[in-house]
Amino acid sequence: MHFLITAGGTREYIDPVRFISNASSGRMGCALVRAALRAGHKVTLITAPSSQHVPAGVTLIKVETASEMFQAVKRHFAKCDCLIMAAAVADYAPARPAKTKMKKTANLLTLKLRPTADILKWAGSHKNSGQVVAGFALEDKALKRRAEKKMLEKNLDMIVANTPEAIAAERSTVWIKTACADWTKIENASKQTIARKIIRTIERR
Ligand code: CTP
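Residues numbered from 1 in each chain as written. Predicted model: local features only at pLDDT ≥ 70, side-chain atom pairs only at ≥ 80, totals over all residues. Heavy atoms only, no water.

Draft legend 1. Inspection of the site of the ligand at higher detail. The immediate surroundings of the ligand are formed by 16 residues, with Met85, Ala87, Phe136, Lys150 and Lys154 found nearest. With respect to the ligand, the side chain of aspartate 91 contributes an N or O atom lying 3.0 Å from an oxygen atom. Surface burial for the ligand is 76%, taken as the share of its 570 Å² of free accessible area covered by protein chains. Residue assignment for the shell around the ligand shows that the elements contributing at least two residues are α3 (119-126) and β9 (132-138). In terms of residue count, the dominant contributor to the shell around the ligand is β9 (4 residues). When the residues that make up the shell around the ligand are grouped by side-chain class, the tally is 10 nonpolar, 2 polar and 4 charged. (Near = heavy atom within 4 Å. Polar contact = N/O pair within 3.5 Å; in protein donor to acceptor, adjacent residues only side chain to side chain. Areas by Shrake-Rupley, 256 points an atom, 1.4 Å probe, with all protein chains shown as cover. Helix = DSSP H or I, 4+ residues; strand = E, 2+ residues; numbered from the N terminus. Nonpolar A, V, L, I, M, F, W, Y, C, P; charged D, E, K, R; others polar.)

Draft legend 2. Broad picture of the pattern of salt bridges. In the structure shown here, the tally under the stated rule is 10 salt bridges. Of the charged contacts in the structure, one is a salt bridge between glutamate 139 and arginine 146, with a shortest N-O distance of 3.8 Å. When the shortest N-O distance is used, the salt bridge between arginine 205 and aspartate 157 registers 3.5 Å. Of this pair, arginine 205 sits in the segment after α5 (191-204) while aspartate 157 sits in the loop between α4 (143-153) and β10 (158-162), and the two are 48 residues apart along the sequence. Among the residues examined, arginine 205 registers a relative accessible area of 46% and is labelled partly exposed. (Salt bridge = Lys/Arg side-chain N within 4 Å of Asp/Glu carboxyl O. Buried < 20%, exposed > 50% of the residue type's maximum accessible area, 1.4 Å probe, protein only.)

Draft legend 3. Examining the sheet that holds strand β1 (residues 2-7) more closely. Spatially, 8 strands are ordered β5-β4-β1-β6-β9-β10-β11-β12 in an open sheet, and the strand pairing comes out mixed. For this open sheet the edge positions go to β5 (59-62) and β12 (184-190), each flanked by a neighbour on one side alone. Going across the sheet, the axis of each strand differs from the next one's by a mean of 20°, ignoring polarity. As defined by bridge partners, β10 adjoins strand β11 (residues 171-178) across 4 bridges and the pair is classed as antiparallel. Bridge pairing in β11 links isoleucine 159 to lysine 177. Strands β1, β4 (42-47), β6 (82-85) and β9 of the sheet are contacted by helix α1 (residues 27-38), whose axis makes an angle of about 165° with β1. Of the strands in this sheet, β9, β10 and β11 are in contact with α4, which crosses β10 at around 150°. (Pairing = 2+ DSSP bridges. Axes fitted to C-alpha atoms, helices over the stretch in contact; angles between N-to-C directions. Contact = heavy atoms within 4.5 Å.)

As structure tokens, then:
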């Protein structure tokens, strides 16, 4: 199979040297890349900045912003058999980023943010019958109910639900659901173990 995997946390620039981002380490995305490569698949990785070492053997596309990630996914989606959106994509970006470095003043500063495009939702509505689209859901309450809602709204084949403790952690607990099966819990496992199970579940479809 040809996997298209996204990883890392996007950066949304306020001015040329400052940005809004999140605590994603890119660890889950890179673990998925390694698991897919080890299982003999072809992998294209679209990554926002991440602290991870990119595994050899992958086709690498580096991006920074949610908008750049969206362009890259749109360019490569048609050629893949499976998209896994493991990236922590910013939901909002500064509406009018400054072109030059902003100077500090003594006044309150208000930033206007504009929603970014939902890449996963776009993929769910543009997939062909043979393509698998998988996403993550990060929820601090009503985890399964909210994740299932996301799965339906974004027309996903698989969702991996986790909690904020998973961000940048070495190990985590996740719940996986596919369109045709009930929830499976993977408890306190390394991200590599979780990744292997995700890839195996997708292979079986
Ligand atoms: N995602 C995306 N494009 C965005 C935001 C998120 O493709 N602009 C993807 C993420 O990569 C992840 C999934 O959507 O696979 C769910 O992300 P999450 O932050 O849990 O949920 P959101 O849909 O952004 O909703 P909310 O933040 O309101 O829970």
